[in-house]
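Structural characterization, general
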Amino acid sequence: MSTITAISHRDRAVLRAVAAGRCQLSGRFLLVDGMGCCDQFVGPRLTEAGLISSDPGVASLTETGRALLEAA
């Protein structure tokens, strides 16, 4: 698991959308409200950082992702 040294406003917005149950992972693609995320790299980046689940289907926050979002 890698780490993100700084989290952007976009990353926080995506984490909030994941927490609200609005995101799905399809391969390496992150779908928000059924549409492809405009930032094609945010899904893989947050997954590789261990902040969101890597399992296909409904995306969920990891404990680390939840803690980071609560601290932001």
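Preceding this section is the structure that the text describes.
Residues numbered from 1 in each chain as written. Predicted model: local features only at pLDDT ≥ 70, side-chain atom pairs only at ≥ 80, totals over all residues. Heavy atoms only, no water.

Details of the nonpolar core
This is how it is decided: Nonpolar cores are built from buried Ala, Val, Leu, Ile, Met, Phe, Trp, Tyr and Cys residues. Side-chain atoms within 4.5 Å join them into one set. Here the term buried applies to any residue with accessible area under 20% of the maximum for its type, exposed to any over 50%, and partly exposed to those in between, with areas from a 1.4 Å probe on protein chains only. Comment: elements are numbered from the N terminus, with helices defined as DSSP H or I runs of at least four residues and strands as E runs of at least two. Should any heavy atoms of two residues lie within 4.5 Å, those residues are considered in contact.
Counting 17 residues, the largest nonpolar core has Leu15, Val18, Cys23, Leu30, Leu46 and Ile52 as the members making the most contacts within it. Among the elements of the structure, α1 (9-19), β1 (23-26), β2 (29-32) and α2 (42-48) are those that each provide at least two residues to this core. Take this core: its biggest share by element is four residues, from α1. Residues contacting Leu30, with those up to four places away along its chain left out, are Val14, Cys23, Gln24, Leu25, Met35, Gly36, Cys37, Val42 and Gly43.

Remarks on the pattern of salt bridges
The test is simple: When a carboxyl oxygen of Asp or Glu lies within 4 Å of a side-chain nitrogen of Lys or Arg, that pair is called a salt bridge.
Under the criterion given, the structure shown has five salt bridges. Between Glu48 and Arg28 there is a salt bridge whose closest N-O contact spans 3.5 Å. Pair noted here: Glu48 is in helix α2 and Arg28 is in the loop between β1 and β2, with a separation of 20 residues, a long-range link. Residue Glu48 is classed as partly exposed on the basis of its relative accessible area, which comes to 45%. Accessibility expressed as a relative area gives 56% for Arg28, which makes it exposed. Salt bridges sharing partners connect three or more residues here, namely Arg10, Asp11, Asp39 and Arg45.

Structural notes on the sheet that holds β2
Threshold: Strands pair, by our definition, only if DSSP identifies at least two bridges between them.
A sheet is described by the order of its strands in space; here four strands give the open sequence β3-β2-β1-β4, paired in antiparallel fashion. On the outer flanks of this sheet lie β3 (35-36) and β4 (57-58), each paired with one strand and no other. With two bridges connecting them, β2 and β3 associate as antiparallel partners. Bridge assignment links Val32 to a residue of β3, and that residue is Met35.

As for the side chain of Arg12
Defined as follows: Lys and Arg are tallied as positive, Asp and Glu as negative. Neither His nor the chain termini are counted.
Secondary-structure assignment places Arg12 in helix α1. Of the side chains with opposite charge, Asp11 comes closest to the buried, unpaired Arg12, at an N-O distance of 7.6 Å. For Arg12, the residues in contact, after removing those within four places along its chain, are Ile7, Leu69 and Ala72.

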